[in-house]
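Fold and contact review
Listed here are the chains, written in short residue letters.
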Amino acid sequence: MSEFIVSGPHVVPVYRGRVSRIVRSEEGDAFFKAHPSLKARNGCYIFAMRSGGGITPIYVGKATKSFDQECFTSHKLGKCNQILADYAKGTLVLFLFESPQGKKAPTYQIDLLENFLIQSALSVNEDLLNIKKTKQEKWSIRGIIRSSAGKRSQSAKSASSMLGL
């Protein structure tokens, strides 16, 4: 079993132009220069927007080799810039779900983690930028997972507690 460690939210550096903000490869380099211990680890990551006291997940990715090789590729820079274009205010942040130092998580466990994080992020933001693995499950448990708003029953509270949800 692999155990992942979450770190973040880490502020993603942005280039501030006269009329807008963008993330370039230089900002990706600056991020890992500020967080050198995270470069070589693998796992999953979530780009999110912190605004108004809350944090909204926007894109979930995985890094089977290393975060340095995956988080700020040209494709991911496009996602970052789309996030900044959609949110006039707020701070772009990055959460890393990483393998412990010195260990590499197996690819199949990173895939399972990515699926879980995408489904969890979709439950709070249906406008997630991910394209793959976004088909939401067609079942729910009232008051526990993917259920409509409303008062939770005592049974739902107890079951949630029992399952650690």
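Computed from a predicted model, the values in this text were never measured in an experiment.

1. Details of the nonpolar core
Grouped together as the largest cluster of nonpolar side chains are 22 residues, with contacts concentrated most on Val23, Tyr45, Phe47, Cys71, Phe72, Leu92 and Leu94. Secondary structure elements with two or more residues in this core: helix H1 (25–34), strand S4 (43–51), strand S5 (54–63), helix H3 (74–86) and strand S6 (91–98). Element by element, the count of residues in this core is highest for H3, at four residues. For Leu94, the contacting residues outside a window of four places in its chain are Ser7, Gly8, Pro9, His10, Val12, Phe31, Tyr45, Ile46, Phe47, Cys71 and Phe72. In this structure, Cys44, Ile46, Phe95 and Ile110 belong to the second largest nonpolar core, which totals 15 residues.

2. What to know about the packing of aromatic side chains
On inspection of all chains with the given rule, the structure shows six aromatic pairs. Taking 5.1 Å as the distance between ring centres and 90° as the angle between the ring planes, the aromatic pair formed by Phe31 and Phe32 counts as edge-to-face.

3. Describing the sheet that holds S6
Spatially, the four strands line up as an open sheet ordered S1-S6-S4-S5, and their pairing is antiparallel. Only two strands of the sheet have a single neighbouring strand rather than two, namely strand S1 (5–11) and S5. The sheet shows a mean angle of 20° between the axes of neighbouring strands, taken without regard to direction. Two strands pair when backbone bridges link them, and S4 and S6 are joined in this way by eight bridges, in the antiparallel orientation. The residue bridging Ala48 from the neighbouring strand is Val93, located in S6. Lying on the sheet, H3 is in contact with S4, S5 and S6; it crosses S4 at an angle near 20°.

Thresholds, definitions, all that
Residues numbered from 1 in each chain as written. Predicted model: local features only at pLDDT ≥ 70, side-chain atom pairs only at ≥ 80, totals over all residues. Heavy atoms only, no water. Core = buried A, V, L, I, M, F, W, Y, C linked by side-chain atoms within 4.5 Å. Buried < 20%, exposed > 50% of the residue type's maximum accessible area, 1.4 Å probe, protein only. Helix = DSSP H or I, 4+ residues; strand = E, 2+ residues; numbered from the N terminus. Contact = heavy atoms within 4.5 Å. Phe/Tyr/Trp six-rings, centres within 6.5 Å; stacked < 30°, edge-to-face > 60°. Pairing = 2+ DSSP bridges. Axes fitted to C-alpha atoms, helices over the stretch in contact; angles between N-to-C directions.

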